[in-house]
Amino acid sequence: METIIPLKGEVKFKITLDPAVWIFDDRRIDLDTFFTEQHIEIDELDEYTKKVSAHWSREIMEGATFPPTLKTEKKYERTKMLTGTFGIYLKHFLQNAEVKDGATSVVFETATGEEYSFPLEQADSLIFKYSQDGKPLKEDGPVYVLLADGSNMHNPIKHVKAVRVD
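Rules and cut-offs
- Residues numbered from 1 in each chain as written.
- Predicted model: local features only at pLDDT ≥ 70, side-chain atom pairs only at ≥ 80, totals over all residues.
- Heavy atoms only, no water.
- Helix = DSSP H or I, 4+ residues; strand = E, 2+ residues; numbered from the N terminus.
- Buried < 20%, exposed > 50% of the residue type's maximum accessible area, 1.4 Å probe, protein only.
- Contact = heavy atoms within 4.5 Å.
- Areas by Shrake-Rupley, 256 points an atom, 1.4 Å probe, with all protein chains shown as cover.
- Core = buried A, V, L, I, M, F, W, Y, C linked by side-chain atoms within 4.5 Å.
- Pairing = 2+ DSSP bridges.
- Axes fitted to C-alpha atoms, helices over the stretch in contact; angles between N-to-C directions.

**Digging into the overall build of the protein chain**
Then, number 1: Helices and strands together make up the secondary structure of the protein chain, namely four helices and ten strands.
Then, number 2: Secondary structure elements in the protein chain, listed N-terminal to C-terminal, are β-β-β-α-α-α-β-α-β-β-β-β-β-β.
Then, number 3: A buried classification covers 36% of the 166 residues belonging to the protein chain.
Then, number 4: Taking the contacts inside the protein chain whose residues are at least 6 apart along the sequence as the reference set, 64% of them involve residues at least 24 apart.
Then, number 5: For the protein chain, the exposed area adds up to about 10800 Å²; of that, 54% sits on carbon and sulfur atoms.

This is the structure:
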């Protein structure tokens, strides 16, 4: 099974996607809770500013020492990464590839020969699921394509081998 997915077509930069490294990406989505809880899209710059401010405040209040709770928090995050089910929005990769003006759709090419097409406007609501219970999707992966509304959660697009922008 090929684990690298090319993003090609009507884009300024053709890029390759490697789902094996997304587990370390801060933009990952916890799919264990995503479809059951209400989610609000977070501005990355605002989120970063809040984290830096909280860290700064913590140092002012407690000094520059690292309290024992930090080790516990890091251990919890590490355990969650090794046992969780995660995804990432396709829109992040389309922004990096810079979609050309004439493009109208996103097509997922699969190893079974099927192609699934979505309007470019709907691409912001597409999620790549890349791990299940802390393990990569090796059998019919490397990614599944899910709709953000959860309508295809039990029947995702599998065997994705390429993403093409038309």
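Back to the text.
**Concerning the environment of Val107**
Then, number 1: By the element assignment, Val107 lies in strand E5 (residues 105–110).
Then, number 2: For the pair Val107 and Val165, spaced 58 residues apart in sequence, the C-alpha to C-alpha distance is 6.2 Å.
Then, number 3: Excluding residues that lie within four positions of it along the chain, Val107 makes contacts with Glu115, Tyr116, Ser117, Ala162, Val163, Arg164 and Asp166.

**Concerning the side chain of Asn152**
Then, number 1: Turning to its location among the elements, Asn152 is positioned in the loop between strand E9 (144–147) and strand E10 (160–165).
Then, number 2: For Asn152, a relative accessible area of 12% gives the class buried.
Then, number 3: Non-local contacts of Asn152, meaning those with residues more than four positions away in its chain, are made with Val145, Leu146, Leu147 and Ile157.

**Examining unusual backbone geometry**
Then, number 1: Gly141 connects to Pro142 through a cis peptide bond whose omega is 20°.
Then, number 2: Note on placement: Pro142 falls in the loop between strand E8 (135–136) and E9.
Then, number 3: The phi angle at Glu98 is positive, at roughly 55°, despite the residue not being glycine.
Then, number 4: Tracing the backbone shows Glu98 in the loop between helix H4 (91–97) and E5.

**Things to note about the nonpolar core**
Then, number 1: Membership of the largest hydrophobic core comes to 28 residues, with the highest contact counts inside it found for Leu7, Trp22, Leu90, Phe108 and Phe128.
Then, number 2: Elements that contribute at least two residues to this core include exactly strand E1 (5–9), strand E4 (86–89), H4, E5, strand E7 (126–132), E9 and E10.
Then, number 3: Apart from residues lying up to four places away in sequence, Phe108 is in contact with Leu90, Glu114, Glu115, Tyr116, Phe118, Leu126, Phe128, Val145, Val160, Ala162 and Val163.

**Some thoughts on the environment of Phe34**
Then, number 1: Note that Phe34 resides in helix H1 (residues 31–34).
Then, number 2: Taking C-alpha positions, Phe34 is 10.0 Å from Thr85, a pair spaced 51 residues apart along the chain.

**A closer look at the sheet that holds strand E6 (residues 115–119)**
Either a parallel or an antiparallel arrangement is found when strands of a sheet pair, and the pairing is made through backbone hydrogen bonds.
Then, number 1: Strand order across the open sheet formed by five strands is E2-E1-E10-E5-E6, with mixed pairing between neighbours. Here the strands that pair on one side only, and so sit at the sheet edges, are strand E2 (15–17) and E6. Geometrically, the sheet is characterised by an average inter-axis angle of 25° between neighbouring strands, direction not taken into account.
Then, number 2: Across five bridges, the pairing between E5 and E10 is antiparallel. Directly across from Val107, in E10, lies its bridge partner Arg164.

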